[in-house]
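Single-letter residue listing:
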Amino acid sequence: MRRVDAVPSVGAPRAGFPGYSEASPLDFDGLGAAARQGMVERLVGGTFDAWADAASRVGHCAHPIKLVGSSSRVDRATGEVTSTYSSRHEPFGVTYVRCGNRRGSVCPACSRIYARDTFEMIRAGVVGGKSVPEQVSGNPLVFLTLTAPSFGPVHAAKGGQRCRPRDGHAVCEHSRSVACWQAHEGDDLAVGTPICPECYDYAAHAIWQWWAPELWRRFTITTRRVIARAMGVPDLRLGEVATLQYAKVAEYQARGVVHFHALVRLDGPKTLEGYAPAPASITPLVLAGWLEEAAARVHFDAPPCAGHDAGRLRFGAQVDARSVTATRGDDPHAPLVGEQVAGYLAKYATKAASDTTDPRRGCGHYRRLRATIDDLADHRVAGDGYELMGKWVHMLGFRGHFSSKSRRYSITLGALRRARARWQRIATDSARDGRQMPVLDFADLIADDEEETTLVVGSWNYVGTGWDTAADTALALAAADRARAYDQWRAETAWRA
Ligand SMILES: [Zn+2]
Ligand SMILES: [Zn+2]
Ligand SMILES: [Zn+2]
């Protein structure tokens, strides 16, 4: 039986955790004067404990959703009302629900849960667990990175090497030097910005980004074709010998264009349960070769947009396909371990354009890119395939999912969320009734979820988003940060032990 771990509550003392002290359960040093004043008002008014409880129940979400209403649990068999719940009985007369935002810059607390779920989802597809059979770890697995092509030379951090060592006198048609003799650090704001903004093809960049999800879709189709041909079966009968599974995230590079990271796994024949063992002859190296071939072949002829013809779109020539082992073996040359890759992908799934595209970046590169997208959106014609382009300016024209997976890669994020909600309900009920929390297997949590014997009847209204004052928001953020520090400390001490 695998125990499902509790999410730590922030208020309780943690033996040995240096971030906790009896005198100051939260780190208030970083709070501004307004937040301190707000906290004092809550203490004086006697509402601090109630607020701290409410904040703790939503995991210190920065912008919780406020609902008013009530619901009843009804036994399906007898029609008996087993419990009722109403927001009227909450201390502030409203029920707070997590915002659930994936982006760390919007809500650190909810983004950490999203990252944790993404990690669990990706990890289960590597080593099994969470209802995924462990045999899956025996199937060939490859970590793949697909980048965008070049839209013009940009400044780059090259690990201490010079950026663009060229003849110091050579200039482009805009009389700018084509060379850069600096050795940029990774955090240099020039990194990712064009050597010459006039030479840089902003329209081609915007058009490629717009079609990046379509290129990925075609890549998965092309890969299946390559595999079918290599295995000697017709395309439509590939499922009789093998199935392709993947978990993918999109990440912005410094130049403001997405690239894709994916864990790609080859399973055996298609079955109802999925995760069948792959044919023994197919090693991760063989799979990596097929992925490289598909990446080189895939293309999409983009329709022109507002007079700009980007022509045939492809991925960049830098295709990186590396084999992944489920666990660290004795082989020192085994380059990647599933756990590491899962953590890496989960981290990038929580980033968005605004988190990586620092607005201070030199020469207004992102401003110019946004202006180009606005301009294309303004001058496009009906039915050209660029509908709603203007709506995605804040994402620098990327309209795809930041994290997605094939059906049988692993468990879904939705099932993980439902299992957590059910776990929390059992924990709350146990605490209220003074009972010991039962030891639960993950399979129990999702199995019960499927055959629910009770019916929940309710009526709810949305009344707003966010805490009532800036002080409350600052306190929630401070508590969320402390929970993060605690988790990190716990992970480090567990690792050392
Ligand atoms: Zn939130
Ligand atoms: Zn440079
Ligand atoms: Zn130029």
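Above this note sits the structure.
Analysis parameters
Residues numbered from 1 in each chain as written. Chains lettered and ligands numbered in written order. Predicted model: local features only at pLDDT ≥ 70, side-chain atom pairs only at ≥ 80, totals over all residues. Heavy atoms only, no water. Helix = DSSP H or I, 4+ residues; strand = E, 2+ residues; numbered from the N terminus. Contact = heavy atoms within 4.5 Å. Areas by Shrake-Rupley, 256 points an atom, 1.4 Å probe, with all protein chains shown as cover. Polar contact = N/O pair within 3.5 Å; in protein donor to acceptor, adjacent residues only side chain to side chain. Donors = N, O, S within 2.8 Å, 3.2 Å for Na, K, Ca; no water. Tetrahedral: all angles 85-135°; square planar, octahedral: opposite > 155°, others 65-115°. Buried < 20%, exposed > 50% of the residue type's maximum accessible area, 1.4 Å probe, protein only.

Q: Describe the overall build of the protein chain, naming the residues involved and giving the relevant values.
A: On a plain count of helices and strands, the protein chain comes out with 11 helices and 12 strands. Put simply, of all contacts in the protein chain between residues at least 6 apart along the chain, 72% involve residues at least 24 apart. Roughly 25,500 Å² of accessible area belongs to the protein chain as shown, and the carbon and sulfur atoms make up 53% of that amount.

Q: Help me get a handle on the side chain of Glu251, residues and values and all.
A: Structurally, Glu251 is set in strand β5 (residues 243-252). A polar contact is formed between the side chain of Glu251 and the side chain of His261, at a distance of 2.8 Å.

Q: Let's hear about the coordination of the zinc ion (ligand 3): which residues, and what values?
A: On the protein side, the zinc ion (ligand 3) has Cys172 (SG), His174 (ND1), Cys196 (SG) and Cys199 (SG) as donor atoms, found 2.1 to 2.3 Å from it. Around the zinc ion (ligand 3) sit 4 donor atoms, and with donor-metal-donor angles ranging over 106 to 113° the site reads as tetrahedral. As a motif over one chain, the donors of the zinc ion (ligand 3) read C-x1-H-x21-C-x2-C. Taken together, the residues Cys172 in the loop between β4 (141-146) and α4 (202-231) and Cys199 in the loop between β4 and α4 connect sequence positions 27 residues apart. Cys199 gets classed as partly exposed once you look at its relative accessible area, which sits at 36%.

Q: Run through the environment of Asp468, naming residues and quoting values.
A: Looking at the secondary structure, you find Asp468 in the loop between β12 (454-465) and α11 (470-496). The exposed category is assigned to Asp468, whose relative accessible area is 53%. Considered as a pair, Asp468 and His63 are 405 residues apart in the sequence and their alpha carbons are 9.8 Å apart. If we ignore the near neighbours within four places in the chain, the residues touching Asp468 are Lys66 and Tyr96. Side chain to side chain, Asp468 and Lys66 meet in a polar contact 3.0 Å long.

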